[in-house]
Amino acid sequence: MTTDPRSIPTGVFERAARHEQVVFCHDEPTGLRAIIAVYSTALGPALGGTRFYPYGSEQDALDDVLNLSRGMAYKASLAGLDLGGGKAVIIGDPARIKTEALLRAYGRFVQSMHGRYYTACDVGTTSEDMDHVARECSYVTGRTVAHGGAGDSSVLTAYGVFQGMRAAAEVTWGAPTLRGRTVGVAGVGKVGRHLVRHLVEDGARVLVTDVNPAAVAALRADLPDVHAVADTATLVSGPLDVYAPCALGGAVDDDVVAALSARIVCGAANNQLAHEGVEKRLQDRGVLYAPDYVVNAGGLIQVADELEGFSFERARQRAERIFDTTARVFALAADEGVPPAVAADRLAERRMTEVGRLRSIWVG
Ligand SMILES: NC(=O)c1ccc[n+]([C@@H]2O[C@H](COP(=O)([O-])OP(=O)(O)OC[C@H]3O[C@@H](n4cnc5c(N)ncnc54)[C@H](O)[C@@H]3O)[C@@H](O)[C@H]2O)c1
């Protein structure tokens, strides 16, 4: 008896409809439960970090890995890399269940994909963890400096965000500098604090906030001219020229758009727009949004460079080009009359299609 496919209840295949591959990895003795999602390999092997997180449900973990892997494909494409997009999640509290054996079990699953997916660090995993994974697997980047790795990726992430912000300043005020502007940075962790330094050196007035008072105190000990405000709501509603979300995703919602005095939103946080439609609301209010995955690609550029034998200077030069890429996104947005977030997606998809098509040419 044949079953009509339309009568089968929808599940993983429908949710992952645009993904090439989703792999579920299970090793009961170590407690490993991981999902690896490969969105696209049109431009090369899928690269994306491993997030180790105590998800509330398997559905939450699946949704997260599907969203994140799609984002990596777009990020790699616009960064001009020969890489596709993938991501992995390990379900569980890393503080409780992360062990050498679990990481190595995970490494064996990544190895079994034979290079369709390269992994790296993300929330809940470190370069030291990647060294463990690499004992079972050849497809690992983001390793420790002692093992030829590139070290802290936040340095070039911040540098790239700064380049994107300069491009936004040029479009908005006619000069690629933040000199004399007031920039509000929400979140002064690994990326935010490096970004603040670039801004101060460029002559900006910087206001910061962070839920962790120690992060603010450490920054101000180093850069005493930086002003701290109580919380993100205070920062956003105050007089700003630029708002830089550098903490969590979903930072820009309808309330923030309504409260903003800034003319530019440009920060490091992934998935800044809280829901679809926020990009249009920003545009309607005359706020220029520099798409997150365009400007925060410096970290990806850094770990990707490791695959060639890491050169900081080469990676820095690539991250510097985020200025040009951001400017191209703004130019296309103006030409086609769409918000920059839409223009960025179009540019990324165009490269995936045009360059990805070349693989159909048989090279013997
Ligand atoms: N590290 C990288 O290379 C990299 C690359 C691309 C994107 N990102 C994204 O940039 C963002 C920051 O990354 P990071 O590596 O600096 O992380 P981090 O954890 O080092 O820093 C985040 C900071 O934000 C603060 N924070 C958390 N919630 C806050 C809130 N509600 N209001 C104000 N501050 C708050 C935290 O206390 C912390 O100091 C994340 O969204 C991350 O996904 C990071």
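Once a new chain begins, its residue numbering starts again from 1 and follows that chain's sequence as written. The model is predicted, so local features are restricted to residues of pLDDT at least 70 and side-chain atom pairs to those at 80 or more, both for listing and for counting; the totals for chains, interfaces and linings are taken over all residues. Each side-chain value is worked out from all heavy atoms of the structure, with water and hydrogens disregarded.

Draft legend 1. Highlighting the layout of surface pockets. The method works on a 1 Å grid over the protein atoms by themselves. A cavity is a set of points holding a 1.4 Å probe that cannot get out, a pocket is an open set with protein on both sides within 12 Å along at least five of seven lines, and residues with an atom within 4 Å of a point line them. Grid points are joined across faces, edges and corners, and a volume is the space filled by probe spheres set on the points. Considered as a void within the structure, the second largest pocket measures approximately 210 Å³ in volume. Along its surface, the second largest pocket is lined by 13 residues, and Val171, Gln283, Val287, Leu288 and Pro340 are the ones closest to its centre. Secondary structure elements are taken from DSSP: a helix is a run of H or I of four residues or more, a strand is a run of E of two residues or more, and numbering for both begins at the N terminus. If you list the elements that add at least two residues to the lining of the second largest pocket, you get helix H6 (154–173) and helix H15 (322–336). Partitioned by chemical class, the residues of the lining of the second largest pocket number nine nonpolar, three polar and one charged. Polar here means any residue other than Ala, Val, Leu, Ile, Met, Phe, Trp, Tyr, Cys and Pro, which are nonpolar, and Asp, Glu, Lys and Arg, which are charged; Gly is therefore polar.

Draft legend 2. Inspection of a nonpolar patch on the surface at higher detail. The patch calculation keeps residues exceeding 30% relative accessible area without a salt bridge and links them within 9 Å when they carry like charges or within 5 Å when they are nonpolar (Val, Leu, Ile, Met, Phe, Trp, Tyr). Note on areas: these come from Shrake-Rupley sampling with a 1.4 Å probe, and a residue is covered only by the protein chains present in the view. Salt bridges are defined by distance alone: a side-chain nitrogen of Lys or Arg within 4 Å of a carboxyl oxygen of Asp or Glu. A contiguous nonpolar patch, built from Val355, Leu358, Ile361 and Val363 and spanning about 370 Å² of accessible area, is present on the exposed surface. By the secondary structure assignment, Ile361 is in the segment after helix H16 (340–357). Burial here depends on accessible area, computed with a 1.4 Å probe over protein chains only, as a share of the maximum for the residue type. Under 20% is buried, over 50% is exposed, and the range in between is partly exposed. Residue Ile361 is classed as partly exposed on the basis of its relative accessible area, which comes to 47%.

Draft legend 3. Representation of the site of the ligand within the structure. The full set close to the ligand counts 18 residues, and Ser153, Thr157, Val191, Asp210 and Ala247 are the nearest of them. Val191 has a polar backbone atom sitting 2.8 Å from an oxygen atom of the ligand. Here a polar contact means two N or O atoms within 3.5 Å. Within protein one must be a hydrogen donor candidate and the other an acceptor candidate, and residues neighboring in sequence count only if both atoms are side-chain atoms. Take Asp210: an N or O atom from its side chain is 2.6 Å from an oxygen atom of the ligand. Taking 830 Å² as the accessible area of the ligand by itself, protein coverage stands at 73%. Of all the secondary-structure elements, those providing two or more residues to the shell around the ligand are H6 and helix H7 (190–201). Here the shell around the ligand is composed, by residue class, of seven nonpolar, nine polar and two charged. When we say a residue is near a molecule or strand, we mean one of its heavy atoms is within 4 Å of it.

Draft legend 4. Focus on unusual backbone geometry. Of note, the phi angle at His114 is positive, near 55°, even though the residue is not glycine. With respect to the secondary-structure elements, His114 resides in the loop between helix H4 (100–111) and strand S6 (117–118). Positive phi values are uncommon outside glycine, yet Asn271 reaches one of about 50°. Position of Asn271 relative to the elements: it lies in the loop between strand S11 (264–265) and helix H11 (278–284). You can call Asn271 partly exposed: its relative accessible area is 45%.

Draft legend 5. Highlighting the pattern of salt bridges. Inspection of every chain in the model, using the stated rule, returns 23 salt bridges. Between Arg351 and Asp82 there is a salt bridge whose closest N-O contact spans 3.5 Å. Pair noted here: Arg351 is in helix H16 and Asp82 is in the loop between helix H2 (58–78) and strand S5 (84–91), with a separation of 269 residues, a long-range link. According to the relative accessible area criterion, Arg351 is buried, its value standing at 19%. Across the pair Arg316 and Glu320 runs a salt bridge whose closest N-O atoms are separated by 3.1 Å. Here Arg316 pairs with Glu320, and both are found in helix H14 (residues 312–320), just four residues apart, close to one helical turn. Of the residues examined, Arg316 reaches a relative accessible area of 21% and is grouped as partly exposed.

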